[in-house]
Amino acid sequence: MGHSDHETTATRLQGQFTRRQIIGAGVAIPAFGAVIAACGDDDDKSSSNTTGGTTGGTTAATTGDTTAPSGGGVIRLANTKPASPLDPIAMVDLGTYNVIAQSFEYLTGPAGDDIGPMLAVEWTPNADSTEWTFKLREGVTWHDGSDFTADDVVATLDRIATDGDGLGGSIVVGDAVATDPLTVTITLASPNASLPYLVSMYNPQSAITPKGYAAGTTLDAEPNGTGPWKLDSYDPNTGVTWVRNDAWWGGTPPLDGIDMQFFSDLAAQVTAMSGGSVDAIQQFSVVGGDVLINDENFNTVEVNAATHREIWMGLDEGQFTDKRVRQALALGIDRQELVDTLFAGKATVANDHVIFDLYAFHDPDAVEQRVRDTDAAKALLAEAGFPDGISATLNAVDLQEIPQLAELLQIQLAEAGFDLTLNVESDATFYGTQWCITYPCAGSAELGIVDYGHRPTPDVYLLKAFRSGGDWNSSQYASADLDAAILEYQSSGELEARTAACTKIEQIMWEDVPAAIAYRYNALGGFSKSFTGVEFTALGHTLFGHAATA
């Protein structure tokens, strides 16, 4: 976020972790993306201007403009329309995440190529990572003028443990204790070297809210927060307006406010951005967004990310209970064609697991790369009792490139024996009708595509989407072997031990295929060159605490 107390990653980690934890923590990937030049050729766009791997990211403010920013003004943002109420611990979609992040903050936040201080200034584990101590920032106040204290953090974590699954079941009520007004100690039932990531902005349901917030309380019903922006007005259909928080601990924001406008589809967002009716766009895709990439008045921000789509298949009942059917579907996908067609190369082929190649503990030799083989797919379907193939409905959310992905899959999988009917719904109805009717996740359709945003470690994906009983486990997948491997992974911060556990995770997921995962892709966002200092996270947050008119 660029605050004065954000030291370099190496210095910060050495001051807050044991050596064992330093190794485990330094595996994240960029929080912020680099600005890539508009109107450049393809070679320019894929060169060193693009943040990647585990190298340090830069904020979008780093555009080469050294002029001191001017104060005042309102920035207009094209934001995905929220698909859920503004409930910080129950939200499930990108549009809502971005609304919440303007007012509420987290114990840890994005900082360069890792996480860094936000409401906590340091965090320290005991020897086996079963106890974590978080030192909180002094002088922070809520928007209503009251002091932020450890009691707020404890109440938030207890509420998450009771009414949500934002920490993937890692804590229960009573695990977090306020040992003094600015210190919280969290004692866990089992070791978890990833806890600082689970209380970061990259795990949106862990936003810290006032101790008086009850289950179901929403930001619009009880406006508050510790962040740079105070909610001014909210209409669930049209948007939100914000005014700056002059008492923000990060300094007075240069802008007067934010006009966050809601859009239900990408095309309308791109049109608004290219037509000048908004100044920034939360996220966009290569398909349909090329006009922005080539706009000389627009800063495109690109981040190498773990963002991906999961093609889930129901294991509890129906046609996909036999893993040979799921393997057949995975074998019917031409992954490279998807990357080339949907992303123009700004994506990487994936291999049906979430230990992506950009994580330091990825094992490239754990399993062979799955490639398209329609003959093998048909043979597996026949062995599973479907010699004439399978007919099913492929449900998908109308978000970014997903409708085009569904169309390509329909064509590709037809050759492998899958006769698919497409059902593409808006995110206003998809979440809660096709995906996770109730929580922990139940009632999902037997086949569908759901979006997953970037996380700097795979913990959220593993705990919520694939662990037995996970809150987002739309496949209803339950594997004692995977559960044990996840626990093994979380129990150590040492890179070697984590890699060994992740090897098992890759092998189990590749064999069982609870979800086909064809690619991960670079996140794209951007803003008008009339502004500086707009920051983007790989998950899809747009942050304006230090934004200003150019």
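All values derive from a computational prediction rather than experimental measurement. (Residues numbered from 1 in each chain as written. Predicted model: local features only at pLDDT ≥ 70, side-chain atom pairs only at ≥ 80, totals over all residues. Heavy atoms only, no water.)

Which residues make up the packing of aromatic side chains, and what values do they have?
Enumeration over the complete set of coordinates arrives at 22 aromatic pairs. Look at Phe 430 and Tyr 431: their rings are 5.4 Å apart centre to centre, the planes differ by 80°, and that puts the pair in the edge-to-face class. The burial state of Phe 430 is the same as that of Tyr 431; both residues are buried. Grouped by ring-pair contacts, the aromatic residues Trp 312, Phe 356, Tyr 359, Phe 361, Phe 430, Tyr 431, Trp 435, Tyr 439, Tyr 452, Tyr 461, Trp 472 and Tyr 489 constitute a single cluster. Over the face of the ring belonging to Trp 472 we find Lys 464, whose NZ or CZ atom lies 4.3 Å from the ring centre. (Phe/Tyr/Trp six-rings, centres within 6.5 Å; stacked < 30°, edge-to-face > 60°. Buried < 20%, exposed > 50% of the residue type's maximum accessible area, 1.4 Å probe, protein only. Lys NZ or Arg CZ within 6 Å of the ring centre and 35° of its normal.)

Residues and numbers for the pairing of strand β7 (residues 176-180), please.
With four bridges connecting them, β7 and strand β8 (residues 183-187) associate as antiparallel partners. Its bridge partner being in β8, Ala 176 is matched across the sheet by Ile 186. The antiparallel pairing of β7 with β8 creates a hairpin that spans two residues between the two strands. (Pairing = 2+ DSSP bridges. Helix = DSSP H or I, 4+ residues; strand = E, 2+ residues; numbered from the N terminus.)

I'd love a proper account of the state of the cysteines, names of residues and values included.
Enumeration according to the criterion identifies one disulfide in this entry. Each sulfur of the disulfide joining Cys 436 and Cys 441 lies 2.1 Å from the other. One quick way to see it: the torsion about the S-S bond of Cys 436 and Cys 441 is about -100°, and its sign makes the bridge left-handed. With respect to class, Cys 436 is no different from Cys 441; both count as buried. (Disulfide = S-S within 2.5 Å.)

Lay out the environment of Leu 266 in plain terms, naming residues and giving numbers.
With respect to the helices, strands and loops of the structure, Leu 266 is situated in helix α7 (residues 266-275). Take Leu 266: its relative accessible area is 12%, and that puts it in the buried class. It is 7.6 Å that separates the C-alpha atoms of Leu 266 and Gly 288, two residues lying 22 residues apart in sequence. Not counting chain neighbours up to four residues away, the residues in contact with Leu 266 comprise Gln 283, Phe 284, Ser 285, Val 287 and Gln 400. (Contact = heavy atoms within 4.5 Å.)

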